[in-house]
Structure formats: structure tokens, C-alpha cells
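# Summary of structural features
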Amino acid sequence: MEKPIKIKNESNINIQDYLSIGYLFLLILGVVYQTIYYKFLGVNILDYSSVLDVLISPIAVMTSNFILGLAVVLSMLMAYLMVKFIPKYHNWLRKKAKYQSGKNKLKLEKADAKFKKKNSVVTMIAFYVFAVFIGLGIGSGHKTKQRVETNNYKITHQLTFDNGSVQNIKMLGKNSLYVFYVIKGAPEVIIAPIEGNIKMIKNLKKNNN
């Protein structure tokens with residue numbers, strides 16, 4: 001009698017797959033972060049974004065917000081250390097008599113098993129990064145909205161338009177198509193197209209220090 005043929009499971013994910021999934025995850029978070037941030041300013045950013053803006057949104061968000069970029073790196077490090085540390089701590093705790101007789105022993109055993117799974121590091125990092133993006137999106141959007149409403153902000157840029165006029169502004173954001181800004185004394189967010197309209201954008205932050 002012939003032996004049954006065993007089919008090898010090809011569900012293993014390689015590095016390229018992880019990179020693709022990781023970028024897709026960051027892409028979604030980038031779009032969500034910008035959507036939340038601009039929503040506080042009364043702007044639906046997706047109506048003013050090109051396909052390219054959406055594709056580079058993770059990079060745009062990370063490079064435009066130093067605090068967010070640093071927080072993402074730190075959160076990834078914390079998630080990795082937590083996944084590595086908790087099982088060791090659990091093994092040490094398991095030796096204690098109080099742990100063996102505790103009511104939460106079963107729950108702790110299940111939690112420890114989850115941390116020991118192969119993809120636990122990836123799952124924990126994804127959770128931490130998601131929390132950072134959403135939290136800072138809400139925080140940045142709310143803070144910017146308050147500053148605009150109270151007129152409590154510094155002028156950051158100078159726009160020179162194609163017709164020669166110059167306007168000092170507080171820039172709230174920018175993509176490949178539009179500039180989002182406010183001017184002193186006017187709480188309304190202005191959305192100005194770049195092409196055929198704005199000739200130069202000058203950074204004035206250094207002059208305001």
C-alpha cells in the first residue's frame with residue numbers, strides 16, 4: 001500500500017511579505033493620521049490629495065512630525081522589549097508559591113502563551129504604533145484647532161503668489177497639490193492650490209525664534 005503524500009505547508013511569510021504588509025500598515029496609519037488631524041480643522045484631506053500623496057503619506061507624516069517619528073521608534077523598541085521581558089518575568093513569578101495559589105493563574109498562563117507565539121513581536125509592535133499614530137493625530141489636531149481659534153500661534157511661512165502678492169501665514173500642512181494655512185486674525189483655514197498660484201514658499205520659523 002502506497003504511503004500518503006504529505007503536502008508541505010507553504011504559509012510561511014518571508015521578509016518581503018513582512019515588508020509589504022508593514023508598508024501597507026503604515027500607509028493606512030498615515031492616511032488615518034492625516035484624516036484625523038485635518039478633520040479637527042474642518043478639512044477632508046482626501047478631497048485634496050493625489051494618489052501620490054496617499055502613497056507617500058507614511059513618509060510625509062514621519063518626516064513632518066519629529067515627535068511622531070521618535071514616538072514610533074520608541075514604541076517599536078518598547079514593544080519588542082516587552083515581548084522579550086514578560087515571558088522571563090512570568091517564569092520567575094511562576095516559582096512563587098503565591099502565584100501557584102492565585103486566582104488569576106489561568107489568565108496569566110494564557111497571556112504568557114500569547115507572548116510566546118511566533119508573531120507576538122509583530123503584533124505588539126503593530127498595536128503600539130497604531131496607538132501612537134491615533135493618539136498623536138488626535139492630540140495634534142486638537143491642539144492646532146485651539147491655537148487657530150484663539151489666534152495663539154506664530155507665523156511660520158511666507159507665500160509669494162504668481163501675481164506678485166506676498167502673504168505671511170501659519171502653515172498647517174502641505175501636500176503636492178495644496179497648502180493649508182491660516183493668517184492672523186482670521187480663524188478660517190485657507191486651502192490654496194500650488195500649481196499656477198504659488199511661486200515660492202519661504203520658511204520663516206528661524207526668524208521667529
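Just above, that's the structure.
Treat the numbers as computed from the prediction; the structure is a model and nothing was measured. Residue numbers restart at each chain and count upward from 1, following the sequence in its written direction. Reporting in this predicted model follows two pLDDT cut-offs: at least 70 for local features of residues, and 80 or more for side-chain atom pairs to be given and counted; totals over whole chains, interfaces and linings ignore these cut-offs and use all residues. Computation of side-chain values covers all heavy atoms of the structure but excludes hydrogens and water.

One turn of an α-helix holds 3.6 residues; hence residues three or four places apart share an orientation. With a 1.4 Å probe rolled over the protein chains alone, any residue whose accessible area is under 20% of its type maximum counts as buried; one over 50% counts as exposed, and the rest are partly exposed. Numbering of helices and strands starts at the N terminus; helices are DSSP runs of H or I of at least 4 residues and strands are runs of E of at least 2. The set of residues buried in helix α3 (residues 57–64) consists of S57, P58 and V61. Buried residues of α3, viewed axially, fall in a sector of 105°; they line one side. In α3, the exposed positions angled more than 90 degrees off the buried face are occupied by I59, T63 and S64. Summarising the geometry, the arc corresponds to the directions from the helix axis toward the C-beta atoms.

This paragraph deals with the nonpolar core. Residues belong to one nonpolar core when they are buried, are Ala, Val, Leu, Ile, Met, Phe, Trp, Tyr or Cys, and are joined through side-chain atoms within 4.5 Å. Residues Y37, Y38, L41, V43, I45, V148, Y153, L172, F180 and V182 constitute the largest nonpolar core, which totals ten residues. Of all the secondary structure elements, the ones that give two or more residues to this core are α1 (15–40) and β3 (178–183). The contact criterion used throughout is that any non-hydrogen atoms of two residues lie within 4.5 Å. Setting aside anything within four residues of it in sequence, one finds V43 in contact with Y38, Y48, F180, V189 and I191.

The subject of this paragraph is the sheet that holds strand β2 (residues 166–174). If you trace the five strands from one edge of the open sheet to the other, you get β4-β3-β2-β1-β5, paired in antiparallel fashion. Edge positions in the sheet fall to β4 (186–193) and β5 (198–203), since each has one partner strand and no second. With direction set aside, neighbouring strand axes in the sheet form an average angle of 40°. Strand pairing is assigned whenever DSSP detects at least two bridges linking the two strands. Bridge count for β3 against β4 is five bridges, and the pairing is antiparallel. Residue pairing across strands places Y178 opposite P193, the latter belonging to β4. Lines fitted to C-alpha atoms define the axes, with helix axes restricted to the stretch in contact, and inter-axis angles between N-to-C directions lie between 0 and 180 degrees.

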